[in-house]
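Residue-level structure breakdown
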4 protein chains.
Amino acid sequence: MIKVAILGGSGYTAAELIKILLRHPEARIITVTTRQEGTPLVAELHPSLTGRIDLRCEAFDADRLLAAGVQCAFGCLPHGVSMSTLPALLSRGVRVIDLSADYRLRDPNVYAQWYGESHHDVAHLAQAVYGLPEIYGEEIASAQLVANPGCYPQTAILGLAPLVAGNHIDRSSIIVDSKSGVSGAGRVPKMHTHFPECNESVTAYSVGQHRHTPEIEQTLADVAGETVEVIFTPHLIPMDRGIFTTIYAVPRRPFSESQLLDLYREYYLQAKFIRIVPQIPSTKDSLGTNFLDITARVVRGRIVILSALDNLVRGASGVAVQNFNRMFGFEETTGLW
Amino acid sequence: MIKVAILGGSGYTAAELIKILLRHPEARIITVTTRQEGTPLVAELHPSLTGRIDLRCEAFDADRLLAAGVQCAFGCLPHGVSMSTLPALLSRGVRVIDLSADYRLRDPNVYAQWYGESHHDVAHLAQAVYGLPEIYGEEIASAQLVANPGCYPQTAILGLAPLVAGNHIDRSSIIVDSKSGVSGAGRVPKMHTHFPECNESVTAYSVGQHRHTPEIEQTLADVAGETVEVIFTPHLIPMDRGIFTTIYAVPRRPFSESQLLDLYREYYLQAKFIRIVPQIPSTKDSLGTNFLDITARVVRGRIVILSALDNLVRGASGVAVQNFNRMFGFEETTGLW
Amino acid sequence: MIKVAILGGSGYTAAELIKILLRHPEARIITVTTRQEGTPLVAELHPSLTGRIDLRCEAFDADRLLAAGVQCAFGCLPHGVSMSTLPALLSRGVRVIDLSADYRLRDPNVYAQWYGESHHDVAHLAQAVYGLPEIYGEEIASAQLVANPGCYPQTAILGLAPLVAGNHIDRSSIIVDSKSGVSGAGRVPKMHTHFPECNESVTAYSVGQHRHTPEIEQTLADVAGETVEVIFTPHLIPMDRGIFTTIYAVPRRPFSESQLLDLYREYYLQAKFIRIVPQIPSTKDSLGTNFLDITARVVRGRIVILSALDNLVRGASGVAVQNFNRMFGFEETTGLW
Amino acid sequence: MIKVAILGGSGYTAAELIKILLRHPEARIITVTTRQEGTPLVAELHPSLTGRIDLRCEAFDADRLLAAGVQCAFGCLPHGVSMSTLPALLSRGVRVIDLSADYRLRDPNVYAQWYGESHHDVAHLAQAVYGLPEIYGEEIASAQLVANPGCYPQTAILGLAPLVAGNHIDRSSIIVDSKSGVSGAGRVPKMHTHFPECNESVTAYSVGQHRHTPEIEQTLADVAGETVEVIFTPHLIPMDRGIFTTIYAVPRRPFSESQLLDLYREYYLQAKFIRIVPQIPSTKDSLGTNFLDITARVVRGRIVILSALDNLVRGASGVAVQNFNRMFGFEETTGLW
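Residues numbered from 1 in each chain as written. Chains lettered and ligands numbered in written order. Predicted model: local features only at pLDDT ≥ 70, side-chain atom pairs only at ≥ 80, totals over all residues. Heavy atoms only, no water.

A word on the overall build of chain A. A count of helical and extended segments in chain A gives 13 helices and 13 strands. Computed over its C-alpha atoms, the radius of gyration of chain A comes to 19 Å, within 12% of the 20 Å expected for a compact globule of 337 residues. Overall size of chain A, expressed as C-alpha extent along the three principal axes, is 60 × 45 × 40 Å. Scored against the burial criterion, the 337 residues of chain A give a buried share of 66%. Long-range pairs, those at least 24 residues apart, make up 70% of the contacts in chain A between residues at least 6 apart in sequence. Carbon and sulfur atoms form 49% of the exposed surface of chain A, whose accessible area is close to 11,100 Å². (Helix = DSSP H or I, 4+ residues; strand = E, 2+ residues; numbered from the N terminus. Rg over C-alpha atoms; globule rule 2.2 N^0.38 Å. Buried < 20%, exposed > 50% of the residue type's maximum accessible area, 1.4 Å probe, protein only. Contact = heavy atoms within 4.5 Å. Areas by Shrake-Rupley, 256 points an atom, 1.4 Å probe, with all protein chains shown as cover.)

With 20 residues of chain C at the interface, the matching set in chain D holds 20 residues. Taken together, both faces of the contact between chain C and chain D bury some 1,700 Å²; the carbon and sulfur share is 59%. Among the residues of chain C in contact with chain D, His 194, Phe 195 and Asp 240 of chain C are the three that bury the most area, contributing 38% of the side total. At the junction of chain C and chain D, the tally comes to two salt bridges. Two residues, Arg 187 of chain C and Glu 197 of chain D, come together in a salt bridge whose shortest N-O distance is 2.9 Å. Taken together, the connections running from chain C to chain D amount to twelve residue pairs in polar contact (both at pLDDT 80 or more). Per-element tally for the side of chain C that touches chain D: the top contributor is helix α10 (residues 195–198) of chain C, with four residues. (Buried area = accessible area lost by both parts, 1.4 Å probe. Salt bridge = Lys/Arg side-chain N within 4 Å of Asp/Glu carboxyl O. Polar contact = N/O pair within 3.5 Å; in protein donor to acceptor, adjacent residues only side chain to side chain.)

Mapping chain C onto chain D leaves a residual RMSD of 0.0 Å; the transformation is a rotation of 180° accompanied by 0.0 Å of translation along its axis. The relationship between the two copies is best expressed as a two-fold rotation axis. When the interface residues of chain C are mapped onto chain D, 100% of them again fall at the interface, so both copies present the same face. (Least-squares fit on C-alpha atoms with pLDDT ≥ 70 in both.)

The next thing to look at is the pairing of strand β9 (residues 230–236) of chain C. Residue and element names in this part refer to chain C. In terms of burial, β9 is largely enclosed, as seven of its seven residues are buried. Of the two faces of β9, the one lined by Val 230, Phe 232, Pro 234 and Leu 236 and the one lined by Ile 231, Thr 233 and His 235 are each fully buried. Where strand β7 (residues 174–180) meets β9, seven bridges bridge the pair, whose relative direction is parallel. Paired with Ile 175 across the two strands is Ile 231, which belongs to β9. Both strand β8 (residues 203–204) and β9 contribute to a ladder of two bridges, which runs antiparallel. For Ala 204, the partnering residue across the bridge sits in β9 and is His 235. (Pairing = 2+ DSSP bridges.)

All names here are of chain B. You can see Val 146 is positioned in strand β6 (residues 145–147). Sequence-wise, Val 146 and Ala 73 are 73 residues apart; in three dimensions their C-alpha atoms are separated by 10 Å. When neighbours within four sequence positions are excluded, Val 146 is seen to be in contact with Val 96, Ile 97, Asp 98, Val 129, Gly 131, Ile 140, Asn 323 and Met 327.

What follows concerns the packing of helix α1 (residues 12–23) of chain D against helix α13 (residues 313–327) of chain D. All names here are of chain D. Viewed as axis vectors pointing N to C, α1 and α13 meet at an angle of 45°, and their least axial separation amounts to 9 Å. The angle between α1 and α13 places the two elements in the oblique class. For α1 against α13, the interelement crossing comes out right-handed. Side by side, α1 and α13 meet where Thr 13, Glu 16, Leu 17, Ile 20 and Leu 21 of the first sit next to Val 313, Ala 316, Ser 317, Gly 318 and Val 321 of the second. (Axes fitted to C-alpha atoms, helices over the stretch in contact; angles between N-to-C directions. Parallel < 35°, antiparallel > 145°, perpendicular 65-115°, else oblique. Left-handed = near helix turned anticlockwise from the far one by under 90°.)

Residue and element names in this part refer to chain B. In terms of residue burial, strand β1 (residues 2–7) counts as a mostly covered element, since five of its six residues are buried. One ladder, built from six bridges, connects β1 with strand β2 (residues 27–33); its direction is parallel. By the bridge assignment for β2, Val 4 is matched with Ile 29. Regarding topology, helix α1 (residues 12–22) serves as the crossover connection from β1 to the parallel β2, and that connection is right-handed. Summarising the sheet, β1 and strand β3 (residues 72–75) pair through four bridges and their orientation is parallel. Paired with Ile 6 across the two strands is Phe 74, which belongs to β3. (Right-handed = clockwise from strand over helix to strand, strands pointing away.)

To continue, consider the pattern of salt bridges. For the structure on display, the rule yields 71 salt bridges over all chains. Here Arg 64 of chain C and Glu 58 of chain C are joined by a salt bridge, their closest N and O atoms 3.3 Å apart. The partner of Lys 272 of chain C in a salt bridge is Glu 331 of chain C, and the shortest N-O contact between them spans 2.9 Å. Of this pair, Lys 272 of chain C sits in the loop between α12 (257–267) and β11 (274–276) while Glu 331 of chain C sits in the segment after α13 (313–327), placing them 59 residues apart in sequence. Glu 331 of chain C sits in the partly exposed class, given a relative accessible area of 42%. Beyond isolated ion pairs, a larger network of salt bridges with shared partners links Asp 177 and Lys 179 of chain A together with Asp 177 and Lys 179 of chain D.

For these two chains of identical sequence, chain D goes onto chain A by a turn of 180° and a shift of 0.0 Å along the axis, with RMSD 0.0 Å. In this assembly, 100% of the residues forming the interface of chain D have copies in chain A that are likewise at the interface, indicating an isologous arrangement.

Contacts between the two partners involve 44 residues from chain D, matched on the other side by 44 residues from chain A. Summed over both sides, the interface of chain D with chain A buries roughly 3,500 Å², with 57% coming from carbon and sulfur. In this structure, the connection of chain D to chain A is made through six salt bridges. Between Lys 179 of chain D and Asp 177 of chain A there is a salt bridge; the shortest N-O distance is 3.1 Å. The interface formed by chain D and chain A holds 28 residue pairs in polar contact (both at pLDDT 80 or more) in total.

Before going further, it helps to examine the sheet that holds strand β3 (residues 72–75) of chain A. Read across the sheet, six strands follow the order β2-β1-β3-β4-β6-β5 (chain A) without closing on themselves; strand pairing throughout is parallel. If you trace the sheet from one side to the other, it starts and ends with β2 (27–33) and β5 (129–130) of chain A, each paired once.

A word on α1 of chain D. Across its twelve residues, α1 of chain D extends 17 Å between first and last C-alpha, which sits within 8% of the 16 Å expected from 1.5 Å per residue. Buried within α1 of chain D we find Tyr 12, Ala 14, Ala 15, Glu 16, Leu 17, Ile 18, Ile 20 and Leu 21 of chain D. Summarising the contacts, the buried residues of α1 of chain D are in contact with α10 of chain C together with β1 (2–7), β2 (27–33), α2 (42–45), β3 (72–75) and α13 of chain D. (Expected span 1.5 Å × (residues − 1).)

Turning to the confidence of the model for chain A, a few remarks are in order. For chain A, per-residue confidence averages 97 on the pLDDT scale, and 100% of positions sit at 70 or higher. Interface confidence for the predicted complex, given as ipTM, is 0.97, next to a pTM of 0.98. (pLDDT = per-residue confidence, 0-100.)

Moving on: the packing of aromatic side chains. To describe a pair of aromatic rings, one takes the distance between the centres and the angle between the planes. What the rule picks out here adds up to 45 aromatic pairs over all chains. The interplanar angle of 40° and the centroid separation of 5.8 Å between the aromatic rings of Phe 74 of chain C and Phe 324 of chain C together place this pair among those described as tilted. In this pair, Phe 74 of chain C sits in strand β3 (residues 72–75) while Phe 324 of chain C sits in helix α13, placing the two residues 250 residues apart along the sequence. The exposure classification of Phe 74 of chain C matches that of Phe 324 of chain C, with both residues buried. Three or more aromatic residues joined by ring pairs make a cluster, and in this case those are Phe 74, Phe 324, Phe 328 and Phe 330 of chain A. Sitting above the plane of the Phe 328 of chain C ring, Arg 95 of chain C keeps its charged end 5.0 Å from the centroid. (Phe/Tyr/Trp six-rings, centres within 6.5 Å; stacked < 30°, edge-to-face > 60°. Lys NZ or Arg CZ within 6 Å of the ring centre and 35° of its normal.)

Okay, the sheet that holds strand β7 (residues 174–180) of chain A next. As summarised here, the arrangement of the seven strands in space is β8-β9-β7-β10-β13-β12-β11 (chain A), forming an open sheet in which the pairing is mixed. Every other strand in the sheet has two partners, leaving β8 (203–204) and β11 (274–276) of chain A as the edge strands with one partner each.

To continue, consider unusual backbone geometry. If you check the backbone angles, Arg 300 of chain A has positive phi at about 50° while not being a glycine. Following the sequence through the fold, Arg 300 of chain A ends up in the loop between β12 (292–299) and β13 (302–309). Among the residues examined, Arg 300 of chain A registers a relative accessible area of 41% and is labelled partly exposed. Although it is not a glycine, Ser 206 of chain C adopts a positive phi angle of roughly 45°. Within the fold, Ser 206 of chain C resides in the loop between β8 and α11 (212–224).

What follows is the structure in C-alpha cells.
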C-alpha cells in the first residue's frame, strides 16, 4: 500500500484523482493540500466526495508530508506554482507525478516562450519523464518525476505516433483540430465558461497559439527522430467532458483504411488503454474511462485520424494513476478498469 | 417614434431589450449607458449585436439624456443601483420602465427585509406601478414609473390569478415549484453558474427565502383582496432560458380540468400574450417569444397549474416592451409578434 | 464468485449494470441475452464496453443458463416481457433481481390498473420482495425474487420514510415534484426525447398519472402502517442523468430544520448509501454513484425535503447490485464504492 | 403582399420559415401542406406557433394552390420528394424556393452518385439557380427556381470565396472541418439523435462522404473558374443550433491576418449579412439571426478561416427569405433584421 499525497485539492483533476485512488487497492491517500484558507474537509470542496473521504485539507508542508511517510505526491497545482512547490519533495526523494505543465517541456526556453515566465527548477526539469505510458513506458517506471501529459496532446500524439514512427506522412502537413468539453478550462469561473455564454455554442480559441502545441511537437519529434510541426486548433464544446480530435495528414504513399487500422493495431498491440476501433468513436464511448479511442479514414488520398478520450480521466487523473502503477510496479490497469 | 435610453447595457436583459427595440417600428434607441470603464461599442459588449447597432456606450448622465430628448428610459441596472440612478430622470419627467426589483415592493420595510438595505427613494416608490399588464394594464398606461415584474413571479401570479380572483382555492395552501434556466442568474460569472458545475445537474436554491416571494404575494393579495401566502422553491436547470412553474393548490370546491381551462380562458380573454393550452407546455414552446403558456390539471382533487415562459423575453425585456406599448399608446403587441 | 446473467442487454440499465459488475470482485457475468436478431457482441450494442467484455449476446434460453450454472439473473427487460421470461428461471431455483416494474406492485389489480394488462405471474408476484434495501433489507437477504425499485420512487420513499414512520406528517398532504434526466426514458428513440425537442427545455408529463405513483404509496403505507397518498409530478430535464425530487408535507407538530436533519440522520444511521447533508444537494453530487442525498428545510411551517440520485446507478443498476450483495452475503458496498 | 405557400410543414426549417414570414411585411402565408394524415393545425405540429397562425395543414394540391393565387412556394420537403412535387407548380409559372438538395447539383450524374437515385426533373434542374445571394445575387433576382443552399456549404463557400476568387490558395489543399448542432439532422427521431446518445458527446460522421461536398465544390469552382477540391468532415455537437466551420488552406503567397481581414471586408462590402469580425466568432453570436460571421488567422504560414451561422436561419429559412426578397424586389434585409 503506497501512501500518496494530493497537492492542490480544489480542482477537477484532484477530485477525479481522489475518486480513482479511493478504488485503488494499492494506494492510500494520506493527505490533501490546498492553498485556500483554513482546513476545509475535502468533501466541502467536492460535495460528491461526502461519505467517501474524511480528510481535511491542509496547507502544503514538506516536512509534515515526509514525516507522514508520503511515498508519492500527485501535483494538481497550477503551472508556475507547481515548480515552486515540488522541489521540496523531489530533493528529499519523494516520487512525484505532476499534472501541471511545468515539467513537460524539456527546453526551459520553450517553456519561457509559451508560458511567459522563466523556468525556475531547471535541475529537476532535466530529470523529468513525459508521462505518456504508450511512448515512454520504461522511463516512467524508473522515474522520480513524471510530467503528466496534457489532455489535447495525448489525442494528437497517440493519434499520430504510428504514422510519424514509420515515416508514413509529410511531417510539415499535419493539422490537429480538437474539440473539448468545458471542464478542461478548470474550475475557476470565467466569462467564457459562464453557462449562458458557452452553452449552446461552439467557438475556437488560441488558434495557433495554444500552449499544448510545443508539447505535441516535442513528443512527436521523439517518436519521429526529426522535427514535426503541427497546426493546432482547439475548440470549446458545450459539454462537461471529452475531447474529440480530428487529424489531417498527407501520406508519403497511398494507404487504405484497413492498412491504416492494421498499422495502428500493431503499433498499440501492448497498449491496454488504446482501443483501435473500426467505427468513428464518440467521446461518450470513453466517458469516465481511461481509454483513448482511435480510428482512421482516407479521404481523397489524405489520412484523417479521429481520436477521443475523457479529458479528466485519460486526459489527466487516469493516466496519472496509470503512471503511478508503472512507477510502483503494479499491473498497469490497477484501479482503472 | 419614441426616443429611448437603455441604462445598464452589459447584461442579458439589456441585450434582449435592444434586439426587440431594434425591430420596434415606434422606438429609437438613442443611448445605452454602462457603469463599465470607457465607452465600448454596444457590439463589443454583445458580439451578437455587431452590424445591428452602432452606438457606443456612455456613462449615465441625466443632463445629457434630457438634452438628447429621451422620452423613455429602460433601467437594466442591479437593484440598489437602480433607485440611486432613476430619480434624476423621474424628477425631470422622463418615463421609466425599471427592470430591477427596486420599485416592485410597495412597502419599503418589506424591501429592506428581503433585500437587506433600506429603500432610499420612497417618494417614487409610492408612485410606481407593478408592470404586469394582464393585472395592472390601465395603471401602466398612465404611469410614469413602471416596476417591471420578475420572471418567476409572472409564472406564479398569472398562473394563480384566475383562482384567487374567484376565491376558488385555499389561500394558505399554495406551493410554487419553479424550474429556471441559468440566464436568470445574470451575466456575472459565479461558481454555481460555471458550466462544469451547473451543466448536467439540477438543484434547488434559496428554498423559502427567494426575493421573488413577497412580489408574488403582494400581487396575489391585490387580486384576491386578501392576504395570500406561497411556498416558493426555485430550481436551477441546465439550459439557457425558460422557466417552468408547477403550482399546487387546494380548491374550495371540486373542479374538473375542463372547468379550470374554461375559467382560465375566460379570465385571459383579452390577454394577447397568455396562451391557455390543453397540453402541458414545454418551455421551448415559448422560447424567444413574449407568450406565457398555462394549462391546468386536477390530481386527487388538488389543482395543479403548469406555466412556462422565456425568462429574458416575457420574463423581462419582452414584457418591458409590452409595458412601453401601453404607456405610449401603441398596440400592445407592437414589436413583439 | 457468483455466476450472473444479464437478461435484456441493449438498454441503459444493462450497460450500467455490466460496468458495475465488471468491477465487482464476487460476480462474473457469464451471459448477456438480447431479444434483438443475431448475436451481436455486447460491445457492439454499447461501444463504451469495447475492450472490457468479450461476450456475444445470445437469445434467452433457460436451459442454457441453467446448464452454465447461472446463480443470479438480473432482468433488464421491459415490463410485460419480464413476467413472461423470468418464471422459467424462478421455477428452477435461480435467484432473480428484476429491474422492470412487473413484480413491484403486490396487488395484481393495481398492476392491471396502472400498466393496462393483467398480471400473468401472480404466483411469483406473491413471493417478490421490493428491493429497497433501506426499508426491506432483511427480506431482501433471503429473497429469491427481488423487484428492484423505480428511480423516482426511491427519492420519494426514502425522502419521506422518516416522516411517515414517526407519524410526523399529515399523510394526505404530500406533494412529490420530481425532475429527471432523459436517460430515464430509456434507449428507444421517441419524438419527446429527440435532442432538438427536449434539449434546452423543461416540461412535466404524466401529471398525476405516472406509474411510479402506486409504487411510492405501497411502500410508504408499509412504513406508515396506514394508507399514504401522494400527488406526483415528474418533469423532464435536459441532462443525461439524475433525479432531483422536491417533497412538500404538512407536519403534525412544528419542526426546526436541525430537528429534521437529526431525525433523518438517526433513521438512516446504518444506511451506507444515504447521505443526510446540510446543504441542498445537486444531482451532480451523486452522479455516477450509488448515493442518495437528502436534506430538509422548513418553510412557513411546511416541511420541504430535497433528495437526489443518479437514476441509472442508485436508481436502477447500483441498487440492484446493492441487493445482490445482500442476497449473496457480501458487504453491502462491494463493487459500489 | 406576396402570397406564399409552405410545402412540407412538419420539420424544423418549415417552423423557422413560418416564424420569419409572420414578421415579413410583404409576405402572406396562405397555405401550409403536409404529407401527414389529416389536416392538423400548424400549431399542432409546432406548439410554439400557437396563437400566431391559425392555418390548418392540407395535402399538396397544385390546382388548389394555383386557385388560391400562390405566387411563391417554399419547398421544405425531403430530397427526392421535392423533385416529384415541385414540377406541378414550376410548369404553371409559380416561383419556387426549394430548401431540399434536389436542385442544387447542376449535373444529374453527380446527383445520382451522391444521393443514390437518378434525378427525374432534369428539365427544371437546368434552370435552377443556386440560392447563395452573395455569389449568385443577380441570377437569383430573376430566377423562377432557386435551390436554397445547404447549411454546411454556406460556411465553407463564403469562408473560401475571397481566397479562391483571387487565386490566393492552393485549390487542392483545402480542409473544411465543421461542427453542427443537432437540429441539422432534422426532426425524425433516430438513435444517433436520441438525447442520451448525443448529449454530452462529440463525434464525426460521413467523413469524406457527406452529400454537401459536391455542393461546396461546384460553387467554389464557379467562383474560382477552375476545379476546387475539399476534404469535408462534419461533426455533431450537443446543441440545438449553429454551425462552426474551421477551414485550412495553403496560401500561394504569404498573408498577414490584417491583409486577410481586409481582403474579406472588401469582398463582402455589399453583403449585408456577412460580418467580418476581428475576434473568433461563437455560434451564439449569430444564433437566431441571418448573419454569417467570418474571421481569419495565419498559423505557421497556413490560412485558418473560422466561420459561423445559425443552421436553421442563415443555413436554411433565413437565406430562403433573403432569396425571396431578391426574387420579388424587396430590400434584401426585409423581415430578417
